[in-house]
Amino acid sequence: MNLDRGFYKGKKVFITGHTGFKGSWMCKVLADAGAVVTGYALEPPTTPSLFRICSLDSEINSIIGDIRDLQYLKKAFDAAQPEIVIHMAAQPIVRESYKEPVHTYEVNVMGTVNILECVRLSDSVKSFLNVTTDKVYLNKEWLWGYRENEELNGYDPYSNSKSCSELVTSSYKNSFFHDKEVAISTARAGNVIGGGDFAADRIIPDCVRAVEAGKEIIVRNPFSTRPYEHVLEPIAAYLMIAQAQYEDKKKYEGNYNVGPDESDCWSTGDLVTLFCDKWKQITGKDAVWINEYDGGPHEACFLKLDCSKLKGTFGWRPHWNVEAAMEKIVEWSAAYLYGGDVAECMKKQMDEFFGI
């Protein structure tokens, strides 16, 4: 099955982390589909931010609040009376988790507890999806993809906290939702790229910042290999899972890897080279990168997902490979940097992705 955006027309959807990069794209897709969206998050985590650039607070009910504040979260949740809940709020940066491990665990673990507590006490929710990461797995640096039944034990505080978030979800599911109509799933996505990401310590935003400043792109680990996918890929998969389990809990709830095909596992160096090539092709301007490995904190060198379950269950296939995704990123970034209509560019890419 493919995502039926018509399913979401009029549906009440509650999204945590809606002001972030992925959350903003999620809000735009759902608002465009006619969903009644309530978002709950802190102020946008970056300046500039995609959420502000596209004035998404005019398209949804945006509530600024801390996922760690259960009382305030529950007040917003109860007012929204959602049918579908998508939990995306997180501290998502590996290096930041080394600097602020307590904060990372508070947000990623207790934030999950808090949103699930709201779901537990609700009579309106039928479908809950916790968005985690490919980094939840105990990484053995092997060459094949991790499956959903592999051991969970992320190494760094970010990855480990998301492993804990998975365990919290499993515990709540077994303890409180076994005999209820609420369907509970998690989705583990690989490295997500796309226009409008301004986060620190991410390779594509680093590329865009460098070309904006007319500087060389600094690459701190060109040999690490990751599965890269355009942001619309996991968003479409998340919404597809949430819809399917809404309609048939027993058949569809579970844990799902959401990643690209094996051919889209790229080294950081090759990915940046592709960015430079596409930047020259689309803008006519040069972009170059240099290797400045800094011996930073531990990060997995090789990590990819086996998405056979998602493909077998739903007949799902990725739409865009990395080359196509990079074209969309450069197209969006050029519009942003050189006075184009960013919102229109975003809508155009959504229409192309969903085949409208």
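Located above this text is the structure these notes cover.
Residues numbered from 1 in each chain as written. Predicted model: local features only at pLDDT ≥ 70, side-chain atom pairs only at ≥ 80, totals over all residues. Heavy atoms only, no water.

K.L.:
Help me out: how do you make sense of the overall build of the protein in this one?
P.N.:
Looking only at helices and strands, one finds 13 helices and 12 strands in the protein. Expected size for 356 residues packed as a compact globule is a radius of gyration near 21 Å; at 19 Å, the protein falls within 12% of this value. Across its three principal directions, the C-alpha atoms of the protein cover 60 × 45 × 40 Å. Counting the 356 residues in the protein, one finds 59% classified as buried. Considering only intrachain contacts with a sequence separation of at least 6, the fraction spanning at least 24 residues in the protein is 81%. Carbon and sulfur atoms provide 49% of the accessible area of the protein, an area that totals close to 14,700 Å². Taken as two groups, the 39 positive and 50 negative side-chain charges of the protein have centres that lie 4 Å from each other. (Helix = DSSP H or I, 4+ residues; strand = E, 2+ residues; numbered from the N terminus. Rg over C-alpha atoms; globule rule 2.2 N^0.38 Å. Buried < 20%, exposed > 50% of the residue type's maximum accessible area, 1.4 Å probe, protein only. Contact = heavy atoms within 4.5 Å. Areas by Shrake-Rupley, 256 points an atom, 1.4 Å probe, with all protein chains shown as cover. Lys, Arg positive; Asp, Glu negative; His and termini not counted. Charge placed at Lys NZ, Arg CZ, Asp CG, Glu CD.)

K.L.:
I'm lost on the pairing of strand β4 (residues 84-87) in this one. Help?
P.N.:
Consecutive side chains along a regular strand alternate between the two faces of the sheet. Side chains of β4 alternate between two faces, with I84 and I86 and V85 and H87 buried alike. As paired strands, strand β1 (residues 12-16) and β4 are joined by four bridges and run parallel to one another. Bridge assignment links V13 to a residue of β4, and that residue is I84. Of the pairings in the sheet, the one linking β4 to strand β5 (residues 127-131) comprises four bridges and is parallel in character. When the sheet's bridge partners are listed, H87 is paired in β5 with N130. (Pairing = 2+ DSSP bridges.)

K.L.:
Which parts of the structure should I look at to understand the packing of helix α5 (residues 101-120) against helix α6 (residues 157-176)?
P.N.:
Packed helices, taken two at a time, are described by their axes: the angle between them and the distance between them. Running from N to C, α5 and α6 point in directions that differ by 20°, and their axes come no closer than 9 Å. Taken together, the axes of α5 and α6 lie roughly parallel to each other. As for how α5 packs across α6, the hand of that crossing is right-handed. Counting all contacts with α5, which are made through P101, T104, Y105, N108, V109, T112, V113, L116, E117 and R120, the residues of α6 involved are P157, Y158, N160, S161, K162, C164, S165, V168, T169, Y172 and F176. (Axes fitted to C-alpha atoms, helices over the stretch in contact; angles between N-to-C directions. Parallel < 35°, antiparallel > 145°, perpendicular 65-115°, else oblique. Left-handed = near helix turned anticlockwise from the far one by under 90°.)

K.L.:
Help me understand α5 in this model?
P.N.:
One full turn of an α-helix is made of 3.6 residues, so residues set three or four places apart face in the same direction. Here α5 is 20 residues long and its end C-alpha atoms lie 28 Å apart, about the 28 Å a rise of 1.5 Å per residue gives. Its axis deflected by about 30° at M110, α5 carries its strongest bend there. (Expected span 1.5 Å × (residues − 1). Bend = angle between axes of the 7 residues up to and from the residue.)

K.L.:
Please explain the state of the cysteines as it appears in this structure.
P.N.:
As used in these notes, a disulfide is a covalent bond between sulfur atoms, one from each of two cysteines. Applying the stated rule across the entire model yields zero disulfides. Here C276 stays free of any disulfide, with the sulfur of C207 as its closest cysteine sulfur at 6.3 Å. Classification of C276 as buried rests on a relative accessible area of 7%. (Disulfide = S-S within 2.5 Å.)

K.L.:
Hey, could you run me through the sheet that holds β4 in this one?
P.N.:
Each strand in a sheet pairs with its neighbour through backbone hydrogen bonds, running either in the same direction (parallel) or in the opposite one (antiparallel). Pairing is parallel across the open sheet formed by seven strands, whose spatial order is β3-β2-β1-β4-β5-β6-β10. Only two strands of the sheet have a single partner each, and these edge strands are β3 (61-64) and β10 (255-258). The average undirected angle you get between the axes of adjacent strands in this sheet is 20°. Two elements, strand β6 (residues 183-189) and β10, share four bridges in a ladder whose sense is parallel. Note that in β10 the partner of R188 across the bridge is N257. Against the sheet, helix α3 (residues 70-80) contacts β1, β2 (36-41), β3 and β4, and its axis sits at roughly 160° relative to β1.

K.L.:
Help me understand the pairing of strand β9 (residues 225-230) in this model?
P.N.:
β9 sits mainly inside the fold: six of its six residues count as buried. On β9, burial covers both faces: T225, P227 and E229 on one face and R226, Y228 and H230 on the other are all buried. By the bridge criterion, three bridges tie strand β7 (residues 191-193) to β9 in an arrangement that is parallel. Its bridge partner lying in β9, V192 is registered against E229.

K.L.:
Explain the pattern of salt bridges to me, please; I cannot follow it from the model alone.
P.N.:
Here the idea is simple: oppositely charged side chains can pair when their charged atoms come close. Enumeration according to the criterion identifies 20 salt bridges in this entry. Between D66 and R68 there is a salt bridge, and its shortest N-O distance comes to 2.7 Å. On the basis of relative accessibility, which here comes to 35%, the residue R68 falls in the partly exposed class. Because the salt bridges share partners, they merge into one network encompassing K328, E331, K348 and E352. (Salt bridge = Lys/Arg side-chain N within 4 Å of Asp/Glu carboxyl O.)

K.L.:
Sorry, what's going on with the packing of aromatic side chains here?
P.N.:
Aromatic rings in a pair are described by how distant their centres are and how their planes are angled relative to each other. The tally for this structure, following the rule as stated, stands at 18 aromatic pairs. With a centroid separation of 5.2 Å and an interplanar angle of 20°, the aromatic rings of Y252 and F314 are classed as stacked. Of the two residues, Y252 is situated in helix α9 (residues 249-252) and F314 in helix α11 (residues 308-314); the sequence distance between them amounts to 62 residues. In this pair, the class of Y252 matches that of F314, namely buried. Three or more aromatic residues link up through ring pairs in this structure, and these residues are F14, Y40, Y72 and F77. The positively charged end of R120 is found above the aromatic ring belonging to F176, 5.0 Å away from the centroid. (Phe/Tyr/Trp six-rings, centres within 6.5 Å; stacked < 30°, edge-to-face > 60°. Lys NZ or Arg CZ within 6 Å of the ring centre and 35° of its normal.)

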